[in-house]
Amino acid sequence: MRVMVGVKRVVDYAVKVRIQPDKAGVELKNVKMSMNPFCENAMEEAVKLKETKAASEVIAVSIGPKAAKDTLRTALAMGADRGVHVMTDDAVRTDQGLEPLAVAGLLKKVVEEQKVDLVLLGKQSIDGDCSQTGPMLAGMLGWPQATFAAKVTVVEAGKQLEVERETDTGTQVLSVPLPAVVTADLRLNEPRYATLPNIMKAKKKTVDVLTAADMGVDLKPRTTVIEVVPPPVRQGGVIVESVDELIDKLKTEAGVLQ
Amino acid sequence: MMLSRLSTKLPLAPYCRRQCLSLLVPDVVDQGLRLRSAGARRRSTTGASDFFNPTEEHQQLREMVRSFVENEVDPQALQYNREEKFNAEAFKRLGELGLLGVTVAPQYGGSGMDASAACIVHEELSAADPALCLSYLAHSMLFVNNLEQNGSDEQRSRFLPSACEGSTIAGMCMSEPGAGTDVLGMTTKAVPSPDGLSFKIDGAKMWITNGTTDGLTTGDVFLVYARTGPGRQDISMFIVEKGMPGFELGQKIEGKCGMRASMTAELVFDGVEVGRESLVGDENGAMLCMMRNLEIERVTLAAMGVGIARRCIEAMNTYGKERKAFGSPINSFGQIQKHIADSYAEYMAGKHYLYAVAANLDLSSTGNGLDADGTKLYCTTMAKNVADRAMQVLGGYGYCDEYQIERLWRDAKLLEIGGGTLEAHHKNMVRDLAKNMVTLP
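Residues numbered from 1 in each chain as written. Chains lettered and ligands numbered in written order. Predicted model: local features only at pLDDT ≥ 70, side-chain atom pairs only at ≥ 80, totals over all residues. Heavy atoms only, no water.

Draft legend 1. Structural detail: the overall build of chain B. When helices and strands are tallied, chain B shows 12 helices and 10 strands. Looking at chain B residue by residue over its 441 residues, the buried ones come to 61%. Restricting to contacts in chain B with at least 6 residues of sequence separation, those with at least 24 account for 78%. (Helix = DSSP H or I, 4+ residues; strand = E, 2+ residues; numbered from the N terminus. Buried < 20%, exposed > 50% of the residue type's maximum accessible area, 1.4 Å probe, protein only. Contact = heavy atoms within 4.5 Å.)

Rendered as structure tokens:
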């Protein structure tokens, strides 16, 4: 069973993002970038499938500018066998200029070329937070999908999975015939550290580079970002002494009571 | 030659909780002084190589260690240091991550990296827990790297895989109760048997990091320097293992000023008989082993100083922005500005010196002595001074162990003593300068 994992380079989850002065987006200069946390979950799951011999090969794919190579290296150090780098123009912001439709279209091309049986993605990236790429990819491929996976069990390698997925009201268990698209939630697993020997081994693994613009996929955004603004700063509250004072404030200051 | 060194080990205990003091302390202090610990997730991936990370692999290594440190090392440091216990589980984790054999060839269970990589690991570990880092240094540099560089294939095959994995905890024995910087004044002796097939070791070794881990028995395995001939330089190196008759724990050293989560011991050799296969390198040839390993020891100790300084400066910077006095953040006052700015400049100077020397340090040879001494001389005192300024800037919070600076301040002092005193560095450097240098680079 050949598994493909999408890994996206995003602003590190622990960075407190700032808005660019021109309000065109969040500031990306001199900001620590890391693999999207949900992609780490997807990657971890793929490596586990490899370890249990359910997967024969794990291919990591990243779509982005030159620097996305670093994210691929991390994926290789975590245990992917090889990488595919779909190179985008350095001027295009992958957090808002490259939309899920385009990403799904590019991934579809890679899936078809690599002949994979299972695509593992993060449920969403923490920059755009669209949560659309997985479902769109499944739709384009005509494959089943299981989103927000909390547990993946291989019923028969290359044929059948059982996926427990998180929903608002509890978990749902799906029987998923392969090929399929599965998107990872945070509780799926705990991603491993890339150990030092594996970091060294990753150096010898290959990364194929494709150019996004040459892949016959429409990359044009369907939306336009007009401006990005920070959420309003929350004002400190006051502690009232009594119910009467509360009612008085609701009437006179908040104006929500008559 | 110099060297006195500390050794250490630790038992385990639960993770630290913040206690009473935190109630009194504004959030800013708390945030500023603790490593980011946004949940239990690891992080990955950033930019390419730079001066402090000569290759992409070095960069990835640094990020991996930093992430591990934030999630697993920082949270345990306060408690283990307070209780003077060795955290064996944390140490074992270092093995799982492939850090214990950082400079060892993959065939012996190592990761096959270089001096720069060793510095990166020490810097990052030391930024959170210098004591754990010191145990790491004694194991990975003084034993593991030493045997990798000086041992035979048989010795490497026998001892390095378990040491790289962390199933044995090792150290090195050089200093004695009466001989530190004057290392050739050592009196521990190894006398060959009449048939020449074995040696009998008698003497005592002092300040041995990892000399014990439980306070009751010796550590697992040691490289021991002992006198084997009448000449001042007739020193040989032997492998001595726990449980050999006559090899005993003299005492666990208690009440150290700092490095309290790293165990230090006196080890006693009372007629310990070892076979010739335990001799590392040539008989009377240990001076070469010593010289080879001393350079990486000094450079990694300097890296520990750099890690301590970084953490202290981060704390000063954060606190200086948030803490107000007389209606302004304290970093608007010239006195505080001097502390922070001087510290940063000295830190960057030391860090550049360190990584420049590390990049040129060939682990299998000697010849970087002048700058190995120089980096340690500079970076250790720099760390001590920076920690002192951080304590001054943070005031009461800096003085209490809950907020870490106090611990780093105590830990930093050891670096001026262990692995070569400042005075030893002065002596060596002037000897080398006088001998080899007319014009400087």
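Draft legend 2. Structural view of the UniProt feature "domain: Electron transfer flavoprotein alpha/beta-subunit N-terminal" (unreviewed entry) in chain A. With numbering matched to this structure, UniProt assigns "domain: Electron transfer flavoprotein alpha/beta-subunit N-terminal" (unreviewed entry) to residues 23–219 of chain A. Summarising residues 23–219 of chain A: 29% helix, 30% strand, and an end-to-end C-alpha distance of 23 Å. (UniProt positions renumbered as here; feature names shortened; annotations may be inferred.)

Draft legend 3. Spatial organisation of the UniProt feature "domain: Acyl-CoA dehydrogenase/oxidase N-terminal" (unreviewed entry) in chain B. Residues given the UniProt feature "domain: Acyl-CoA dehydrogenase/oxidase N-terminal" (unreviewed entry) here are residues 55–166 of chain B. Summarising residues 55–166 of chain B: 74% helix, 0% strand, and an end-to-end C-alpha distance of 27 Å.

Draft legend 4. Spatial organisation of helix α12 (residues 422–436) of chain B. All names here are of chain B. In this model α12 runs 21 Å from its N-terminal to its C-terminal C-alpha over 15 residues, within 8% of the 21 Å that 1.5 Å per residue would give. Buried within α12 we find Leu422, Ala424, His425, Asn428, Met429 and Asp432. Along the axis of α12, the buried residues cluster in a sector spanning 150°; they form a single face. Turned more than 90 degrees away from the buried face of α12 sit Glu423, Val430 and Ala434, all of them exposed. In this structure, the buried residues of α12 make contact with α8 (286–322) and α10 (369–399). (Expected span 1.5 Å × (residues − 1). Arc of directions from axis to C-beta.)

Draft legend 5. Layout of helix α6 (residues 130–150) of chain B. Approximately 25° is the largest bend angle found in α6 of chain B, and it occurs at Leu137 of chain B. Among the 21 residues of α6 of chain B, 21 are classified as buried, and the element is accordingly described as predominantly covered. (Bend = angle between axes of the 7 residues up to and from the residue.)

Draft legend 6. The pairing of strand β4 (residues 221–227) of chain B, seen in detail. All names here are of chain B. Most of β4 sits inside the fold, with 7 of its 7 residues counted as buried. The side-chain alternation of β4 yields two buried faces, one formed by Val221, Leu223, Tyr225 and Arg227 and the other by Phe222, Val224 and Ala226. Examined bridge by bridge, strand β1 (residues 170–173) and β4 share 4 bridges and lie parallel to one another. Bridging across to β4, Gly171 finds its partner in Phe222. As defined by bridge partners, β4 adjoins strand β5 (residues 235–241) across 7 bridges and the pair is classed as antiparallel. If you follow Phe222 over to β5, its bridge partner there is Val240. (Pairing = 2+ DSSP bridges.)

Draft legend 7. Representation of the UniProt feature "domain: Acyl-CoA dehydrogenase/oxidase C-terminal" (unreviewed entry) in chain B in the model. Here, the residues flagged by UniProt with the feature "domain: Acyl-CoA dehydrogenase/oxidase C-terminal" (unreviewed entry) are residues 290–431 of chain B. Between the end C-alpha atoms of residues 290–431 of chain B there is a gap of 18 Å, over a span that is 77% helix and 3% strand.

Draft legend 8. Highlighting the interface of chain B and chain A. Between chain B and chain A, the contact holds 30 residues from the first and 30 residues from the second. The junction of chain B with chain A conceals about 2,600 Å² of combined surface from both sides, 53% of it contributed by carbon and sulfur atoms. Between chain B and chain A we count 3 salt bridges in total. Taking the shortest distance from any N to any O, the salt bridge between Glu56 of chain B and Arg73 of chain A comes out at 4.0 Å. Taken together, the links from chain B to chain A amount to 4 residue pairs in polar contact (both at pLDDT 80 or more). (Buried area = accessible area lost by both parts, 1.4 Å probe. Salt bridge = Lys/Arg side-chain N within 4 Å of Asp/Glu carboxyl O. Polar contact = N/O pair within 3.5 Å; in protein donor to acceptor, adjacent residues only side chain to side chain.)

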